[in-house]
Amino acid sequence: MESKLIHFDVLGDNRGSLIALEEHKNIPFKIKRVYYIFDTKNNVRRGFHAHKNLDQVLIAVKGSCTIHIDNNKVTKEVVLNNQSTGLYIGSLVWREMYDFSDDCVLLVLASDYYNENDYIRNYEQFKTLAENNEISRE
Ligand code: T46
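The residue numbering used here restarts from 1 in each chain and proceeds along that chain's sequence as written. Note on the predicted model: pLDDT of at least 70 is required for a residue's local features to be given, and 80 or more for side-chain atom pairs to be given and counted; whole-chain, interface and lining totals, by contrast, use all residues. Water and hydrogen atoms were dropped before computing side-chain values, which therefore reflect all heavy atoms in the structure.

> So what's going on with the site of the ligand? Which residues, and what values?
Residues are counted as near a molecule or strand when any one of their heavy atoms sits within 4 Å of it. The environment of the ligand is formed by 13 residues, the closest being Arg33, Arg46, His51, Gln56 and Tyr119. For this analysis, a polar contact is any N or O atom pair within 3.5 Å, provided that within protein one partner can donate a hydrogen and the other can accept it, and provided that sequence-adjacent residues contribute only side-chain to side-chain pairs. Side-chain polar atom of arginine 33 to an oxygen atom of the ligand: 2.5 Å apart, as the coordinates give it. Surface burial for the ligand is 68%, taken as the share of its 640 Å² of free accessible area covered by protein chains. Mapped onto the shell around the ligand, the elements with two or more residues apiece are strand 2 (33-38), strand 3 (46-51) and strand 8 (94-98). A helix here means a DSSP run of H or I that spans at least four residues, while a strand means a run of E at least two residues long, and both kinds are numbered starting from the N terminus. The leading source of residues in the shell around the ligand is strand 3, at four residues. All accessibility values rest on the Shrake-Rupley procedure with a 1.4 Å probe; residue burial counts only the protein chains present in the view.

> Account for the sheet that holds strand 7 (residues 85-89), naming residues and giving values.
We treat two strands as partners when DSSP finds at least two bridges between them. Overall, antiparallel pairing links the five strands, which are arranged 1-7-4-9-2 in an open sheet. In this open sheet, the two strands that pair with only one neighbour each are strand 1 (3-7) and strand 2. Direction aside, neighbouring strands of the sheet carry axes that sit 25° apart on average. The sheet contact formed by strand 4 (residues 56-62) and strand 7 spans three bridges and is antiparallel. Paired with glutamine 56 across the strands is isoleucine 89, a residue of strand 7. Orientation is described by axes fitted as lines to C-alpha atoms, over the contacting stretch for helices, and by angles from 0 to 180 degrees between their N-to-C directions.

And the structure:
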């Protein structure tokens, strides 16, 4: 499971809306870290890495942005513009985030603590690791 969209039920009533995120329920892993990206400047493109061993769910809780994902076979552009949709991204998926609206708040739930050693920041190294991983799973 490298990437997929997840729908979150909106628990609304006449006071407004609420969405609950729960590990191993609508979030497919144990949540160890939460961070959010906001006040992104115009025309900024972030990311440019994959992770060796990390699951994450990205949710634009306000505004919108686009996520480019690349699993070494297929690339996709996913627009996140809805609080009730999350994008799950697993290990060995290259990601770049762009087209942030001025008001975008991108919430990210992660399966592990921050660890710079888990980042693959070189695209050629990502391709090699992803290919080796595909071969070992054949
Ligand atoms: C990812 C995408 C979606 C920390 O100290 N702790 C943290 O938990 C994070 C996420 C970052 N940082 C520091 C490391 C850098 O000095 O914050 C700075 C910005 O991080 P970075 O350049 O990695 O941010 P993005 O937007 O390129 O990537 C982030 C996540 O790092 C990454 O895991 O998948 O968002």
